[in-house]
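These are the residues of each chain, in order.
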Amino acid sequence: MQEIELKFLVPESRLKGLMRQANIKSSQLTQLAAHYYDTPDQQLAKAGIGLRIRQEGDAWVQTIKAGGDGIAARLEHNAVLDTQQVQAMLDTNTLMPDLSIYQDTSIAPALEPFKLTKLAKTLTRLYVTDVERITRLLTDNSDKDSSNQIEMAYDCGAIIHGRDDTQRDSIQEIEFELISGDVDFLFTTAKTWCQRHKLCLSTVTKAERGGLLITGQQHSRAVSANLSDLTVDKDSSRPAFIRAVVHNCLLQILPNSSAIVAGSTDNEHILQLYNGIRRLRTALKLFKGFSDELNPDWVIILKQTATLLADYRKLAYLASHIEPYLQAHEAPSVDWSAEIEAAKITPIDAVRANNLQLTLLELIAFTMSNPNLEPQANKRAAHKLRKTLDKRYKKLLKAESKLHEARNANADSKDLTGVNLESVSSESINLEGVKSKGVNLESREPQSLQTKDIDLPAKDEKQAQYKLYRQLEKLRYVSEFAAPLINNENLKNKKLNSKKSKKKSKRFLKHLVKVQQALRQQLDTTYYQQCYQHKASTDSNALYGAGWLNASLIDTQKKSKKRLAKLKSADKFW
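Calculation rules
- Every chain is numbered on its own, with residues counted from 1 as its sequence reads.
- In keeping with the predicted nature of the model, local features appear solely for residues at pLDDT of at least 70, side-chain atom pairs appear and are counted solely at 80 or more, and the whole-chain, interface and lining totals rest on all residues.
- In computing side-chain values, all of the structure's heavy atoms are included and hydrogens and water are not.
- Helix and strand definitions here come from DSSP, where helices need a minimum of 4 consecutive H or I residues and strands a minimum of 2 consecutive E residues; each element is numbered from the N-terminal end.
- The globule rule used for comparison is 2.2 Å times the number of residues to the exponent 0.38, while the radius of gyration itself is calculated over C-alpha atoms.
- Note on classification: 1.4 Å probe, protein chains only; a residue is buried when its accessible area is under 20% of the maximum for its type, exposed when over 50%, partly exposed between these limits.
- Residues are treated as being in contact if the distance between any of their heavy atoms lies within 4.5 Å.
- Each accessible area is a Shrake-Rupley result for a 1.4 Å probe, and residues are judged covered by the shown protein chains and nothing else.
- Here Asp and Glu are counted as negative and Lys and Arg as positive; His is not counted, and neither are the chain ends.
- Note that the charge is assigned to NZ on lysines, CZ on arginines, CG on aspartates and CD on glutamates.
- Note on definitions: angles span 0 to 180 degrees between N-to-C directions of axes, and those axes are lines fitted to C-alpha atoms, for helices only across the stretch in contact.
- For classification, angles of less than 35 degrees are called roughly parallel, those exceeding 145 degrees roughly antiparallel, those between 65 and 115 degrees roughly perpendicular, and all remaining angles oblique.
- A clockwise turn of the near helix away from the far one marks a right-handed crossing, whereas an anticlockwise turn of less than a right angle marks a left-handed crossing.
- For this classification, Asp, Glu, Lys and Arg are treated as charged, while Ala, Val, Leu, Ile, Met, Phe, Trp, Tyr, Cys and Pro are nonpolar and the rest, including Gly, are polar.
- In this scheme Phe, Tyr and Trp rings, the latter by its six-membered ring, pair at centre separations within 6.5 Å, and the angle between planes marks the pair as stacked below 30 degrees, edge-to-face above 60, and tilted otherwise.
- Put simply, buried Ala, Val, Leu, Ile, Met, Phe, Trp, Tyr and Cys residues joined by side-chain atoms within 4.5 Å make one nonpolar core.
- Pairing between two strands requires that DSSP report at least two bridges joining them.
- Two cysteine sulfurs form a disulfide in these notes if their separation is within 2.5 Å.
- Helix span is expected to be 1.5 Å times the residue number reduced by one.
- Contacts described as polar in this section are N or O atom pairs within 3.5 Å, which, within protein, must combine one atom able to donate a hydrogen with one able to accept it, while residues neighboring in sequence count only if both atoms come from side chains.
- For patch building, the residue pool is restricted to those with more than 30% relative accessible area and no salt bridge; the joining distance is 9 Å between like charges and 5 Å between nonpolar side chains (Val, Leu, Ile, Met, Phe, Trp, Tyr).
- Every case where a carboxyl oxygen of Asp or Glu lies within 4 Å of a side-chain nitrogen of Lys or Arg is listed as a salt bridge.

Novice: So what about the overall build of the protein? Which residues, and what values?
Specialist: Check the secondary structure of the protein and you find 17 helices and nine strands. Its C-alpha radius of gyration of 27 Å places the protein within 12% of the 25 Å reference for a compact globule of 574 residues. For the protein, the spread of C-alpha atoms along the three principal axes comes to 85 × 60 × 50 Å. Expressed as a percentage of the 574 residues in the protein, the buried residues total 53%. Partitioning the intrachain contacts of the protein with sequence separation of at least 6 by distance along the chain shows that 79% fall at a separation of at least 24. Carbon and sulfur atoms provide 48% of the accessible area of the protein, an area that totals close to 26,900 Å². Computed over 83 positive and 68 negative side-chain charges, the separation of the two mean positions in the protein equals 10 Å.

Structure below.
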């Protein structure tokens, strides 16, 4: 069977109010003691599989979860075990799952990569959970004939290391699982509770948290975009295509937002969440005609969140990466703590915001709705995507031409340059950083800072460069989303064989990504250079960093021009 549920973390400040709603007369209280199993190197967890034996009241149930859509739906198989046999194994510390029960079941395909006999011999108990669960059945009272039912379950307890019970991680979460009826009732109910109690979505399972506990980690690694998970084909309708694209973006957004609401301040989580939101916002804007069910408010809220994330991250990255890197190359120390402390909104504040959480719920619901019920269900996406790509490519060429005109109009500027603090919103900065993206600080000797200084462009040129970057970003995301579908259509129409079509699109995307990264590096480096330049008005130590970063712009300017020229000469794949 497929389990459809939504999980939320409960803010401490909202716990009392939530408990008044959860712990009513009809609620049930159950003690849950679960034993989780995997191989010592967590092969099951790496395959997205969770395996447990759990005491539920007086019964013992063996459960395996796997697959699903990666967001709200997962395959689940439950088997009630013989209580006396379980107790006998517990007494001898030999309790182990019986894998033979999964043959010829819906879960069998997920276990195909494993040889069950061999797997059974290598399984070990890695961790246990000790949880007190309050459950309440929520029914649809709006229609007496409705079969809509949801089980609300509030869990409070701990995950305990299987070999060291002093190592624990607390659990305080609430789940809403669809028991019967329409999935819309699940999302409507979840939105009501989320709004009332300021709940925060989490895709982190207890199995995943247990795996983190035994490896000594606080949070899972940041998740980047994975286009191999984009499920489209040559005949995909427009409504089906946009749902697949939104789903793909959510697969990047939700794991990173889950880590942040759980307390992560890791730069990579913030960056990947920001990138995922940028991808999603671009898709919703450029494919808005693909579905009648898209809410224009989603774009507004996503933009606000991306802006808040960038506002904080630019300062945090400045202090945690760029400043130490400059000091390692003999720059005097510059203190950025005052600027960071002055930031009004931190990433956890931005992600926990109720309007974003409600938007994420609505987006998940959209991906799970039926595209065949829309008026455009009979319209294929491929033809429209080719037109969209042509439009975006023409806009890119126009933006490049505008930049060239602006550069020529400014006699003092002889090359591509960056933007300043006043001309770029914080949302526009992707903040990949000078070290990871090739700003070669080692190549700039201190004595060269004055002799290799460069002129900054006029305002019109700065704006033109910013617009060029935006067009590059839009063309990149549309190309990445459209490439699988167009490659499949080329194969169908016998324009190109599968191998040649994929190679052509891959080559174009490679050029596109490289020029976008080069221009982004240039924008970022210039931004940080001007942060130091501005700081120098109150701290002369910042002059060193400002000069060094300014000198490093020479290489980034050349790289941007070279890569842009290669992109313009590359064959389009559509």
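Novice: I'd love a proper account of the packing of helix α9 (residues 267-286) against helix α10 (residues 296-328), names of residues and values included.
Specialist: Interhelical geometry of α9 versus α10 gives an angle of 150° and a closest axis separation of 9 Å. In terms of orientation, α9 lies roughly antiparallel with respect to α10. Note on packing geometry: the crossing formed by α9 with α10 is left-handed. On α10, the residues that touch Asn267, Ile270, Leu271, Leu273, Tyr274, Ile277, Leu280, Arg281, Leu284 and Lys285 of α9 are Trp298, Val299, Leu302, Lys303, Thr305, Ala306, Leu309, Ala310, Arg313, Tyr317 and His321. Considering only residue class, the contact of α9 with α10 consists of 14 nonpolar, three polar and four charged.

Novice: So what's going on with the packing of aromatic side chains? Residues and values would help.
Specialist: Tallying each qualifying case throughout the model produces 17 aromatic pairs. Judged by centre distance (5.8 Å) and plane angle (50°), the rings of Phe241 and Phe290 are tilted. Taken together, the residues Phe241 in helix α8 (residues 238-261) and Phe290 in the loop between α9 and α10 connect sequence positions 49 residues apart. Between the aromatic rings of Trp336 and Tyr532, the centroid separation amounts to 5.1 Å while the plane-to-plane angle is 80°, which identifies the pairing as edge-to-face.

Novice: Give me the nonpolar core: which residues, what numbers.
Specialist: Nonpolar side chains in soluble globular proteins tend to end up buried together. Within the largest apolar cluster, 102 residues are counted, with the highest numbers of intra-cluster contacts made by Phe8, Ile174, Phe176 and Phe241. Not counting residues within four places of it along the chain, the set of residues in contact with Ile174 comprises Leu6, Lys7, Phe8, Val10, Leu18, Met152, Ala153, Tyr154, Trp193 and Leu199.

Novice: For the pairing of strand β3 (residues 50-56), give the residues involved together with the corresponding values.
Specialist: Residues in a regular strand point their side chains to alternate faces of the sheet. Where burial is concerned, most of β3 is hidden: five out of the seven residues are buried. Across six bridges, the pairing between strand β2 (residues 28-38) and β3 is antiparallel. Within the sheet, the bridge partner assigned to Tyr36 lies in β3 and is Arg52. As judged from the seven bridges shared by β3 and strand β4 (residues 59-66), these two strands associate in the antiparallel manner.

Novice: For unusual backbone geometry, give the residues involved together with the corresponding values.
Specialist: A positive phi angle is found at Asn93, which is not glycine, with a value near 55°. By the secondary structure assignment, Asn93 is in the loop between α3 (83-91) and α4 (108-111). Of note, Asp104 is a non-glycine position whose phi angle comes to about 60°, a positive value. If you trace the backbone, Asp104 turns up in the loop between α3 and α4.

Novice: Go over the pairing of β2 with me, naming the residues and quoting the values.
Specialist: Taken together, the eleven bridges between β2 and strand β6 (residues 124-139) define a ladder with antiparallel strand orientation. Of the residues in β6, the one forming a bridge with Leu32 is Val131.

Novice: Go over the state of the cysteines with me, naming the residues and quoting the values.
Specialist: Throughout the structure, instances matching the rule amount to zero disulfides. Note on Cys200: no disulfide assigned, nearest cysteine sulfur contributed by Cys194 at a separation of 7.0 Å.

Novice: I'd like to hear about α9, residue by residue, with values.
Specialist: With 20 residues, α9 ought to run about 28 Å at 1.5 Å a step, and its terminal C-alpha atoms sit 29 Å apart, in line with that. Of all 20 residues in α9, 17 are buried; the element is thus mostly enclosed. Measuring from the side-chain oxygen of the N-cap residue of α9 to the backbone nitrogen of Glu268 gives 2.9 Å; that N-cap residue is Asp266.

Novice: Which residues make up the environment of Leu90, and what values do they have?
Specialist: Relative to the helices and strands, Leu90 resides in helix α3. Counting along the chain gives 75 residues from Leu90 to Asp165, while the straight-line C-alpha distance between them is 17 Å. The residues touching Leu90, leaving out its near neighbours within four places in the chain, are His35, Trp60 and Leu95.

Novice: Requested: an account of a positive patch on the surface, with residues and values cited.
Specialist: Taken together, the side chains of Lys285, Lys288, Lys303, Lys379, Lys384, Lys387, Lys391, Lys395, Lys398, Lys402 and Lys467 present a region of like positive charge at the surface. With six residues, helix α14 (residues 381-409) is the largest single contributor of residues to the positive patch.

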